[in-house]
Structures are given as C-alpha cells and as structure tokens.
Amino acid sequence: MSALRLDSFDVFAAIVRCGGFRAAALERGVSSSALSQTINALEETLGIRLLNRTTRSVFPTEAGQRLLDRLNPALTDIRLAIAEVDELRDTPSGTLRINAPAPAVDHLLCRLVFEFMDIYHEVKIEIISDAAVIDIVEQGFDAGVRFGKQLAQDMIAVPLGPSLRYAIVASPDYIERRGRPETPHDLVNHDCIRRRFPGGTLVTWRFTNASEELDVTPDGRLTLSSAHNELQAALAGKGIAHVLDDYAKPYVQSGHLVELLIDWSPSLPSWFLYYPNRRLPSAAMRAFLDYIRGYKWDAST
C-alpha cells in the first residue's frame, strides 16, 4: 500500500458533506478534476470504492460511510489542534465560513464583515446566502445567522443588531387604482405579492395591534422567492409586498413606495449569529465574536 495523504481524507469528507465534486471544488477553490484524481488515488491505495457516482449525485458506499464515521471526529480534532496552534500567532488568520439568509447578508452581515476585514487582514471570509435551516456543523460552517426561535438548543447565540420589523408597502400607482387597506382583513380584496420559501412553504404575514393578533396567508397573482424581487414587483405596481423594513425604507423615504398598516406592524427578535457550543471556535471566529460583541449599533444599522 502506498503512503496515504491526510488531505485526501479531508477531500473525501468534503465531497460527501457538499453532496458532489463540483460543490466541494467551489468550497475549496480547486477544480473538480483535481478532487476526482485525489479520490481515485485514495480508492486505489485503499483497494476499495468509497463513493458511488451517478450523473446527478455522489454518495458514500458502505465502506465509505464506515470510514467517514471514523474520520469526522478525527478531522474535527485536527482542526481544533490547528486552531489551538493558531492562537499563538500575533494576528488571527484562517477562513471563516458563515451561512445566513439574504436579508441578514444584505443589511447586516456585509457591513460587519467589510469592517472586520479592514482590521484583520489575514482572515478570509466566505458567506453563503441561504434561507434553509441547515446543520452548520455537518455543512462545514463556522457559524450561521437566523432568528432566535430557529436556533438549535446546542448552539451559542450572539445577537446581531436591533429588533426587526416587516413593512407592508405598495406603490402610489397601485393605491390609486385599488385603494388603501385600512386593516389586515382588507387584504382579501387586494393583490398581495407572495413569497415562497425554498422548502415550498408560503410566507405567512403576521399582524398585531393593541387588541388583536392576526396571521394572514396572502392571496395574489404573483409568487416570488426573494425579497429583492418582491420589492421590484411592488415598485412596478404589481401588488402589495411584505418585506423587512430595511428593504423598504429607502423607497418609502423617496416616495416610490407607501407604507401601509403601520399600526399593525409587530416588532420581531433581532438576528442572531450562532455557533456550536461543543466545538472550540477558531482564532478567526473568536476574533469575529469579539468584534461583534464590541460593535456599536446605531439607528441606521
């Protein structure tokens, strides 16, 4: 048996975690063919097939799964050892991978990360915009961003920014044609711009005032999958949109959109950055956590 390379096992684990060679290659910044050659050499050295490959998917064989079950704890220990050594450096380095929904990336995370990178020049950061609830450990992320109610119990959470609110908006042209809803009950007579989550669920619009709480499943001709597209549709007069206030605010201030049902808009929890409590954060992650905890939030954030 020829000598085994430790990085070959890391490549194998990454391919299984990412669900294929292409995604793993993008994560590692190399070509798919390079990863394929690494796996071919590993399987040849071990004398057994580790991966079943089809045109659409890659998944481990029984031998591959057994090897992976043993490898993952060992690879985690190796990463922890590297992180502990990295603590001795004067300046944090390494790669920080964060998974977050697009609104958090657009209005919060990018600003934080850009300023953080100006301070820590040796830290590389990768942000993946994703609305799905995932296992950040299994997917190889250092941290994720979600609402507080969506966090797993074994995670440590750090609040990001002030509380949030949704805005109900429409263009002046739409209001002139269709009228202005005075309560959420009036929305049944309007074209609402609906949004569908990646898992297929339609977003429910939640309202509250001093005496009533109400959940509305909107009805309308147009269904989209992103807040950016909802905003475009509202600006084009195609209906009433339900978007985070951060998206709508500039257009409301300029008069291109009108905010509706303001008295019914509830305050929501802030975003939270979360990470596993069972794993020692890397030096880059600890530096980012310290930066967040000391960040001075202001009204414009």
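Refer to the preceding data block for the structure.
Residues numbered from 1 in each chain as written. Predicted model: local features only at pLDDT ≥ 70, side-chain atom pairs only at ≥ 80, totals over all residues. Heavy atoms only, no water.

Asker: An account of the packing of aromatic side chains is requested, with residue identities and associated values reported.
Answerer: To describe a pair of aromatic rings, you give the distance between the ring centres and the angle between the ring planes. One pass over the structure, following the stated rule, counts four aromatic pairs. Aromatic pair Y291 and Y295: ring centres 5.8 Å apart, planes at 65°, arrangement edge-to-face. The exposure class of Y295 is buried, given its relative accessible area of 14%. Put simply, the rings of F116, Y120, F288, Y291 and Y295 pair up and form one aromatic cluster. (Phe/Tyr/Trp six-rings, centres within 6.5 Å; stacked < 30°, edge-to-face > 60°. Buried < 20%, exposed > 50% of the residue type's maximum accessible area, 1.4 Å probe, protein only.)

Asker: An account of a nonpolar patch on the surface is requested, with residue identities and associated values reported.
Answerer: Taken together, the side chains of L6, I78 and I82 present a nonpolar region at the surface, about 270 Å² in accessible area. Mapped onto the fold, I78 is located in helix α4 (residues 62-86). (Patch = residues over 30% accessible without salt bridge, like charges linked within 9 Å, V, L, I, M, F, W, Y side chains within 5 Å. Areas by Shrake-Rupley, 256 points an atom, 1.4 Å probe, with all protein chains shown as cover. Salt bridge = Lys/Arg side-chain N within 4 Å of Asp/Glu carboxyl O. Helix = DSSP H or I, 4+ residues; strand = E, 2+ residues; numbered from the N terminus.)

Asker: I'd like to hear about the pattern of salt bridges, residue by residue, with values.
Answerer: Charged atoms that come close allow side chains of opposite charge to pair. Here the structure, examined in full by the defined rule, presents ten salt bridges. Across the salt bridge formed by R66 and E62, the nearest N and O atoms sit 3.1 Å from each other. Of this pair, R66 and E62 both sit in helix α4, four residues apart, which is roughly one turn of the helix. Taking the relative accessible area as the measure of exposure, R66 reaches 58% and is therefore exposed. Among the ionic pairs, K249 bridges to D245, the shortest N-O distance being 3.7 Å. Of this pair, K249 and D245 both sit in helix α8 (residues 245-254), separated by four residues, roughly a single helical turn. One network of salt bridges, with partners in common, ties together R165, D245, K249 and E259.

Asker: So what's going on with the sheet that holds strand β3 (residues 94-100)? Residues and values would help.
Answerer: Strands sit in the order β4-β3-β5-β15-β6 across an open sheet of five strands; the sheet is mixed. Here the strands that pair on one side only, and so sit at the sheet edges, are β4 (123-129) and β6 (155-160). Across this sheet, the average inter-strand angle for adjacent strands is 25°, counted without regard to direction. Summarising the sheet, strand β5 (residues 143-147) and strand β15 (residues 271-276) pair through four bridges and their orientation is antiparallel. Note that in β15 the partner of V145 across the bridge is L273. Docked against the sheet, helix α5 (residues 102-119) engages β3, β4, β5, β6 and β15, running at close to 175° with respect to β4. Contacting β3, β4, β5, β6 and β15, helix α9 (residues 283-293) runs over the sheet at an angle of about 150° to β15. (Pairing = 2+ DSSP bridges. Axes fitted to C-alpha atoms, helices over the stretch in contact; angles between N-to-C directions. Contact = heavy atoms within 4.5 Å.)

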